[in-house]
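Each chain is listed here by its residues.
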Amino acid sequence: MSGAIGQHRWQRFSVQQRLARFTAYLSAVAAVVWAARSVEIIPEFLADAPAQTADLFRRMWPFDWSYYGREVHAALIETIHIATLGTLLAIAFAVPIALLAARNITPSKTLNLIATFVLVATRSINTLLWALLFVAIFGPGALAGMLAIGFHSIGFVGKLLAEALEETPRAPIDALRATGAPPASILSKGYWPAVEPSFWGIALLRWDINIRESAVLGLVGGGGIGMALDTAQNNLYWDQVGLVLAVIFAVVIVTEIITSTIRERLI
Amino acid sequence: MNLAISAATMAIDRSLVIRHLYKEYTVGKPILRDVSLEIGGRGITAIIGPSGAGKSTLIRCVNGLAPATRGEIIFHGEDITKLSGKRLREMRRRIGMVHQEYSLVERLSVMENLLTGRLGYVPAWRAWLRKFPESDVAHAYTLLEAIGLEDFANRRADQLSGGQRQRVGIARALMQEPDLLLADEPTSSLDPKTAVEIIELLATLAASRDIPAIINIHNVDLAKRFASRIVGMAKGAIVFDGPPSALEDKHLGEIYGGQSWLE
Amino acid sequence: MTERRAIGLPPPAGRTLALPVNWPRRLAYIGLAFYAIYAASTLDVSLARIARGLPQGAHFLARMWPPNTEAIKLDLMRQGLMESIEIAVLSTFFGILLSLPLGLLAARNLMPPWVSWTARTLTALFRSFNSVIVAILFVKAIGFGALAGILALIVGTMGFISKLFAEAIEEVDLKQVEAVRATGASFANVLIMGILPQVMARFAGFSAYQLDSNLRNSTMVGIVGGGGIGAALFTAYQRFDYDYVFTILLAIIAIVMVSELVSVQIRKIFQ
């Protein structure tokens, strides 16, 4: 076999690929170095961090169990309501927007673009920001929290739903269309069965996320268990803070178990 | 070239001896029962038999992917069944293996898959940076030409056809410069024409390097055509051992047909 | 698509069979509807309340316009935003760095059960709390400032990335790994050329996603004293400086959208 082959130089990627990766790595390193150099960290605070942390845990335990009956239980139920209603609200808004955003359902480019923009915009405003907005409008309370959860979730639910719709196989849809079925039954008999598993997956996933998210709403007046946390924290009752955190953890775990059980049944 | 290689390799004893090999995954249900086999330092040995006869397990015992329960497997003067850790890995790199389809690392290029064959020899930093010794890269290009895929070095494995994958799989095994070649149903998911080409390639390359090969294969005709020796297995035991010419219908009945009415 | 996979959703099924009427499911729908009505009533969600809110909302929106563009305010905002970006970059970097070993430990196909269970419990704990809540604890432990925010986001990053990384490893095709093992490769080499190539693209995908998510959260940890733009935002909000709130909101949205573009690019490069 010829000697020329032995002189092949082999490299893993093409020049462009390597350039792109190199740029990505370089920018990552540059960003980290820049951030590390410019971020303000006060060393004196660090010095007594271990002592403060130990103190924190010592003050947390034992929990103030009586706080559960007084405040936490009602707040917890409210949190679950906020998360669930918020998710339902998000779905109600997201379904029509997703239909408009899916290119295979809505043939108009302009409408697709507008719908996609709405999805991106709702998602890029954090739940807490939405909560601030709604607290300013409706006053503090669970209503503001629910709307915040709902509006922030529109983007997430809508985007994933639109993607699922776009991945629907064409053949059954075309077959339905060939029979002269009206658009409504094409949606319900053609698209819905294809996206149903994804739909429930998305809804459950978002509900799961929203349970966690709604725990924080109370910090800005959005109701729920965050209120109990905020009160305890402002009063420096760390034994109550500890209790609230433990309750949140328990709820999150239970939620995760519920969603994974339902998901296994449904999908 | 062949002269140089065979002169260098004649000195090494490439024979494999298997004695009273047992393998059970669950106690009391042996997959291999008292398998004894001596394979000389050259030629192709085809192992035929129905699914579940233990062909794959036998092959996997030889390179230690499936640890044997009892018995001996002697290669290079060592009992493979007794090896573990670094010693086992050093043994494995002397034994090349062609797997069933889809055993290439799909997201790596053809070249990277070939260089995988050198992983027993290179340190982790070289693997990480893909800085393999130049001699390895040169060897890989030689093999790529031998398997007719010289233009595919930077193609990703998931873009190859089934036949191309298996060619790369063979080349990867040969990258190890092995003293023994194992092939586990290398044609199981290929069309008949490609299957013949793959076995032919395997046979040619093994013969030109004087490497003995053990091939598990479903297709009896292919086995007869390319192997110098045929071993028939049924229910974990060897029921036939001889040259292709000695393999008759009654043996085939014993190997394949025997199963259906014994159950 | 990448995002769907990153968060572990199944690919949409190509199911075309229309199911016959499913009574348990229908009952579940009805139950859900009743629950919604009941829950809404307990939360004091009523049309009257919403009607009362609308003029308030109009008033609120009117006070937002025009956005405040005083030089001092803009400069303050720029500082806050920079700090938020620093928090996001550092927490993503260190969070991912720490997630690699933790994810490896949590992979059930590589580790003995007691190791993977310990690691999984730890990641579940990290994931349970919103970063703002974790930030409260860090602010108490190490004082106000960016470090508390960074540490809070590192915890959140580890919770998500370790879990996704472990799942990616668990879904690795073992045939491919075994083929690499059969060449006599060491454990490190099997990891480098058998497992990493299979998980790398997904990993880059959800790391980029996490950068995105950390940036969003880094604008919020300031509400509880964790540094970044959140402090300025919350202060302005509490003082009813709604025009300044609006300026900050616009800036946050702009930054989040830019980061989304960046994260799409990163995913493309490492596909």
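All values derive from a computational prediction rather than experimental measurement.

Draft legend 1. Up close: the overall build of chain A. If you tally the helices and strands in chain A, you get 12 helices and zero strands. For chain A, the α and β elements follow one another from N to C terminus as α-α-α-α-α-α-α-α-α-α-α-α. Relative to the 2.2 N^0.38 estimate, which gives 18 Å for 267 residues, the radius of gyration of chain A is 25 Å and therefore markedly larger than a compact globule would have. Taken along the three principal axes of its C-alpha coordinates, chain A extends 70 × 65 × 35 Å. With 267 residues in all, chain A has 51% of them scored as buried.

Draft legend 2. Representation of the overall build of chain C within the structure. The helix and strand inventory of chain C stands at 11 helices and zero strands. Across chain C, helices and strands are ordered from the amino to the carboxyl terminus as α-α-α-α-α-α-α-α-α-α-α. The C-alpha atoms of chain C give 23 Å as radius of gyration, which overshoots the globular expectation for 271 residues (18 Å, by more than 25%). C-alpha extents for chain C along the principal axes are approximately 70 × 55 × 35 Å. A fraction of 74% describes how many contacts in chain C between residues 6 or more apart in sequence connect residues 24 or more apart.

Draft legend 3. Structural context of the pairing of strand S10 (residues 237-242) of chain B. Residue and element names in this part refer to chain B. Sheet topology places strand S9 (residues 229-234) next to S10; five bridges connect them, and they run antiparallel. Note that in S10 the partner of Val231 across the bridge is Asp241. In this antiparallel pair of consecutive strands, S9 and S10, the connection spans two residues, and Lys235 shows a positive phi of 50 degrees.

Draft legend 4. Spotlight on the interface of chain C and chain A. Counting from both sides, the interface comprises 73 residues of chain C and, opposite them, 85 residues of chain A. Summed over both partners, the interface of chain C with chain A buries about 7,000 Å², with 71% contributed by carbon and sulfur atoms. There are three salt bridges connecting chain C and chain A. Measuring nitrogen to oxygen at the nearest pair gives 3.3 Å for the salt bridge that ties Arg127 of chain C to Glu256 of chain A. Run the count over chain C and chain A and you get nine residue pairs in polar contact (both at pLDDT 80 or more). At nine residues, helix H2 (residues 23-42) of chain C tops the list of elements feeding residues into the side of chain C that touches chain A.

Draft legend 5. Structural detail: the pattern of salt bridges. Under the definition given, this model contains 35 salt bridges over all chains. Two residues, Arg123 of chain A and Glu260 of chain C, come together in a salt bridge whose shortest N-O distance is 3.2 Å. You can see Arg123 of chain A sitting in helix H6 (residues 109-124) and its partner Glu260 of chain C sitting in helix H11 (residues 242-269), one on each of two chains. Each member of the pair Arg123 of chain A and Glu260 of chain C is classed as buried. What you see here is one network of salt bridges that share partners, running through Asp55, Arg58 and Arg59 of chain A together with Lys140 of chain C.

Draft legend 6. How the structure looks around the pairing of S9 of chain B. All names here are of chain B. Counting buried positions along S9 gives six out of six residues, so the element sits mostly inside the fold. On S9, burial covers both faces: Arg229, Val231 and Met233 on one face and Ile230, Gly232 and Ala234 on the other are all buried. Here four bridges tie strand S3 (residues 44-48) to S9, and the two strands are oriented parallel to one another. Across the sheet, Ile47 pairs through a bridge with Val231, a residue of S9.

Draft legend 7. Local environment of unusual backbone geometry. Of the consecutive residues Trp61 of chain A and Pro62 of chain A, the connecting peptide bond is found in the cis state with omega at 0 degrees. With respect to the helices and strands, Pro62 of chain A occurs in the loop between helix H4 (49-60) and helix H5 (66-101). In this structure, the amide linkage connecting Trp65 of chain C to the following residue, Pro66 of chain C, adopts the cis form with an omega of -5 degrees. Position of Pro66 of chain C relative to the elements: it lies in the loop between helix H3 (47-64) and helix H4 (71-106). A positive phi is found at His20 of chain B, a non-glycine position, where the angle reads about 45 degrees. With respect to the helices and strands, His20 of chain B occurs in strand S1 (residues 16-26).

Draft legend 8. Spotlight on the packing of helix H7 (residues 146-170) of chain C against helix H9 (residues 187-218) of chain C. Residues and elements named next belong to chain C. Where H7 meets H9, the closest approach of the two axes is 10 Å, and the angle between their N-to-C directions is 160 degrees. Overall, the two elements H7 and H9 adopt an arrangement that is roughly antiparallel. Crossing handedness for the pair H7 and H9: right-handed. When H7 is examined against H9, the residues Leu153, Thr157, Phe160, Ile161, Leu164, Phe165, Ala168 and Ile169 are found in contact with a partner set consisting of Val199, Arg202, Phe203, Phe206, Ser207, Gln210, Asn214, Asn217 and Ser218.

Draft legend 9. Structural view of the side chain of Thr127 of chain A. Relative to the elements of secondary structure, Thr127 of chain A occurs in helix H7 (residues 127-138). Non-local contacts of Thr127 of chain A, meaning those with residues more than four positions away in its chain, are made with Ala148, Ile149, His152, Glu213 and Leu217 of chain A.

Draft legend 10. Up close: H4 of chain C. Helix length check: H4 of chain C (36 residues) gives 50 Å between terminal C-alpha atoms against 52 Å at 1.5 Å per residue, within 8%. If you look at H4 of chain C, its biggest bend is around 30 degrees, right at Leu100 of chain C, and the proline Pro101 of chain C turns up within four residues after that.

Draft legend 11. View of a nonpolar patch on the surface. Taken together, the side chains of Trp192 of chain A together with Trp23, Leu27, Tyr29, Ile30 and Phe34 of chain C make up a nonpolar region of the molecular surface, amounting to roughly 670 Å² of accessible area. Here the element with the most residues in the nonpolar patch is H2 of chain C; it accounts for five residues. Tracing the sequence through the fold places Trp23 of chain C in helix H2.

Draft legend 12. The sheet that holds S10 of chain B, seen in detail. Residue and element names in this part refer to chain B. Here six strands make up an open sheet; going across it, the order is S6-S7-S8-S3-S9-S10 and the pairing mixed. The open sheet has two free edges, formed respectively by strand S6 (95-98) and S10, since each of these has just one partner strand. Taken pair by pair, the neighbouring strands of this sheet meet at an average axis angle of 20 degrees, ignoring direction. Here S3 pairs with strand S8 (residues 213-216) via four bridges, running parallel. Residue pairing across strands places Ile44 opposite Ala213, the latter belonging to S8.

Draft legend 13. Geometry of the sheet that holds strand S4 (residues 70-75) of chain B. Residues and elements named next belong to chain B. Spatial ordering of the open sheet is given by S2-S1-S4-S5, a layout of four strands whose pairing is antiparallel. In this open sheet, the two strands that pair with only one neighbour each are strand S2 (29-39) and strand S5 (78-79). Summarising the sheet, S1 and S4 pair through five bridges and their orientation is antiparallel. Looking at the pairing, Ile18 lines up with Ile73 of S4.

Draft legend 14. Region of interest: the domain arrangement of chain A. According to the domain assignment, chain A consists of domain 1 (3-57) and domain 2 (59-266). Inter-centroid distance (C-alpha atoms) of domain 1 of chain A to domain 2 of chain A is 34 Å.

Draft legend 15. Local environment of the side chain of Asn210 of chain A. Residues and elements named next belong to chain A. Relative to the elements of secondary structure, Asn210 occurs in helix H10 (residues 183-214). Within the structure, Asn210 has its side chain in polar contact with the side chain of Thr87 (distance 3.0 Å). Apart from the residues within four sequence positions on either side, Asn210 is in contact with Ala83, Thr87, Ile149 and Ser153.

Draft legend 16. Seen up close, the packing of aromatic side chains. Counting across every chain of the model gives 19 aromatic pairs over all chains. For the ring pair Trp192 of chain A and Phe199 of chain A, a centre distance of 5.3 Å and an interplane angle of 70 degrees mean the geometry is edge-to-face. For Trp192 of chain A, a relative accessible area of 32% puts it in the partly exposed group. A ring pair is formed by Phe234 of chain C and Tyr237 of chain C, whose centres lie 6.4 Å apart and whose planes are at 5 degrees; its orientation type is stacked. Of the two residues, Phe234 of chain C and Tyr237 of chain C are both situated in helix H10 (residues 229-238); the distance of three residues between them amounts to about one turn of the helix.

Rules used throughout
Residues numbered from 1 in each chain as written. Chains lettered and ligands numbered in written order. Predicted model: local features only at pLDDT ≥ 70, side-chain atom pairs only at ≥ 80, totals over all residues. Heavy atoms only, no water. Helix = DSSP H or I, 4+ residues; strand = E, 2+ residues; numbered from the N terminus. Rg over C-alpha atoms; globule rule 2.2 N^0.38 Å. Buried < 20%, exposed > 50% of the residue type's maximum accessible area, 1.4 Å probe, protein only. Contact = heavy atoms within 4.5 Å. Pairing = 2+ DSSP bridges. Buried area = accessible area lost by both parts, 1.4 Å probe. Salt bridge = Lys/Arg side-chain N within 4 Å of Asp/Glu carboxyl O. Polar contact = N/O pair within 3.5 Å; in protein donor to acceptor, adjacent residues only side chain to side chain. Axes fitted to C-alpha atoms, helices over the stretch in contact; angles between N-to-C directions. Parallel < 35°, antiparallel > 145°, perpendicular 65-115°, else oblique. Left-handed = near helix turned anticlockwise from the far one by under 90°. Expected span 1.5 Å × (residues − 1). Bend = angle between axes of the 7 residues up to and from the residue. Patch = residues over 30% accessible without salt bridge, like charges linked within 9 Å, V, L, I, M, F, W, Y side chains within 5 Å. Areas by Shrake-Rupley, 256 points an atom, 1.4 Å probe, with all protein chains shown as cover. Domains from an automatic or database assignment. Phe/Tyr/Trp six-rings, centres within 6.5 Å; stacked < 30°, edge-to-face > 60°.

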